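Fold and contact review
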Amino acid sequence: LGLEDETDLEEKASDQLLQKIQMFQIEREALKARMYHSVVRIGWSLIFLGGLGYCFVPANSDTSIVLVSVHLCLALGIVTLSTCPYQELNIDSFCETHWFVRVMLWLIGFVVNLMCGLLEYPHLHLLVAACFAWMLCCHHRSCTPAPTWFLSSYNIFDMFSWAWWSLHLAAESDTSFEQRLSIIRACWYFCGTI
């Protein structure tokens, strides 16, 4: 073999090696994406189940087993979502590719806030329910903000609504202990909005 043939063989071998490395990286990224989507899907499913249970359990019910299971589903969903590395947890891209999760997220937020707004006196949760209704009606990308932006804004509105409700409870409570407890709760919620 001549010198040119050896360099051609070395170039072909290095090209084949680079192609194999690139294919391996592509397969690895695809596997990582599948694992990420399955973990996020399980997390959102648990949160959806907990939110659905929260919608249909009456606030004054004494069925502690149901309430524990609802809170357990919510907690397990949050813990499952927290197992994803922070750099890979892109909820916006996940909601863009999974329309069903996006619609269920907005639907649960709408139903929970609508029920809270109708049942509790300062009806501030109805404003939050209206925001969720807007997101539900226009759930395609062109007319809605990113889900992470909306969820963080929702947390501010929700904390403010609960703080206002706690102040209302403090004004209507009979004992000084209940008043102090409601004021402490209101301060906690107001600090949460900041």
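Moving on to the nonpolar core. V40, W44, F94, W106 and F132 are the most contacted members of the largest nonpolar core, which has 17 residues in total. Those elements that place two or more of their residues in this core are α1 (3–56), α3 (91–97), α4 (99–119), α5 (125–137) and α6 (147–172). A total of four residues in this core trace back to one element, the largest contributor, which is α1. With sequence-adjacent residues up to four places away left out, F132 is seen in contact with L105, W106, G109, F110, N113, F150 and Y154. If you look at the next biggest cluster of nonpolar residues, it comprises six residues, including I108, V112, C116 and W162.

Turning our eyes to something else, we now look at the packing of α4 against α5. Across the interface, α4 lies against α5 with an axial gap of 8 Å and an inter-helix angle of 155°. In terms of orientation, α4 lies roughly antiparallel with respect to α5. For the pair α4 and α5, the crossing hand works out as left-handed. Of the residues in α5, those in contact with V103, L105, W106, L107, G109, F110, N113, L114, C116, G117 and L118 of α4 are H125, L126, V128, A129, F132, A133, M135 and L136. Residue composition of the contact of α4 with α5, grouped by class: 15 nonpolar, four polar and no charged.

Turning our eyes to something else, we now look at the side chain of N113. Looking at the element boundaries, N113 is found in helix α4. Here the side chain of N113 touches G109 through a polar contact of 2.7 Å, landing on its backbone oxygen. If we skip the residues at most four places from it in the chain, N113 touches H125, L126, V128, A129, F132, Y154 and D158.

For the rest of this paragraph, the subject is the environment of L167. As for its placement among the helices and strands, L167 is situated in helix α6. Under the relative-accessibility criterion, L167 is labelled partly exposed at 35%. With residues near it in sequence (within four places) discarded, L167 still touches A186 and F190.

A cluster of nonpolar side chains, M115, L118, L119 and L126, forms an exposed patch at the surface whose accessible area comes to about 380 Å². A per-element tally of the nonpolar patch places α4 first, with three residues. Judged by its relative accessible area of 56%, L118 is exposed.

Here we come to α5. Given a rise of 1.5 Å per residue, 13 residues ought to cover 18 Å, and the 18 Å separating the end C-alpha atoms of α5 matches this to within 8%. Restricting attention to buried positions, one finds in α5 the residues H125, V128, A129, F132 and M135. Down the axis of α5, the smallest arc covering the buried residues is 115°, so these residues share one side. Turned more than 90 degrees away from the buried face of α5, the exposed residues are L127 and C137.

What counts as what
- Residues numbered from 1 in each chain as written.
- Predicted model: local features only at pLDDT ≥ 70, side-chain atom pairs only at ≥ 80, totals over all residues.
- Heavy atoms only, no water.
- Core = buried A, V, L, I, M, F, W, Y, C linked by side-chain atoms within 4.5 Å.
- Buried < 20%, exposed > 50% of the residue type's maximum accessible area, 1.4 Å probe, protein only.
- Helix = DSSP H or I, 4+ residues; strand = E, 2+ residues; numbered from the N terminus.
- Contact = heavy atoms within 4.5 Å.
- Axes fitted to C-alpha atoms, helices over the stretch in contact; angles between N-to-C directions.
- Parallel < 35°, antiparallel > 145°, perpendicular 65-115°, else oblique.
- Left-handed = near helix turned anticlockwise from the far one by under 90°.
- Nonpolar A, V, L, I, M, F, W, Y, C, P; charged D, E, K, R; others polar.
- Polar contact = N/O pair within 3.5 Å; in protein donor to acceptor, adjacent residues only side chain to side chain.
- Patch = residues over 30% accessible without salt bridge, like charges linked within 9 Å, V, L, I, M, F, W, Y side chains within 5 Å.
- Areas by Shrake-Rupley, 256 points an atom, 1.4 Å probe, with all protein chains shown as cover.
- Salt bridge = Lys/Arg side-chain N within 4 Å of Asp/Glu carboxyl O.
- Expected span 1.5 Å × (residues − 1).
- Arc of directions from axis to C-beta.

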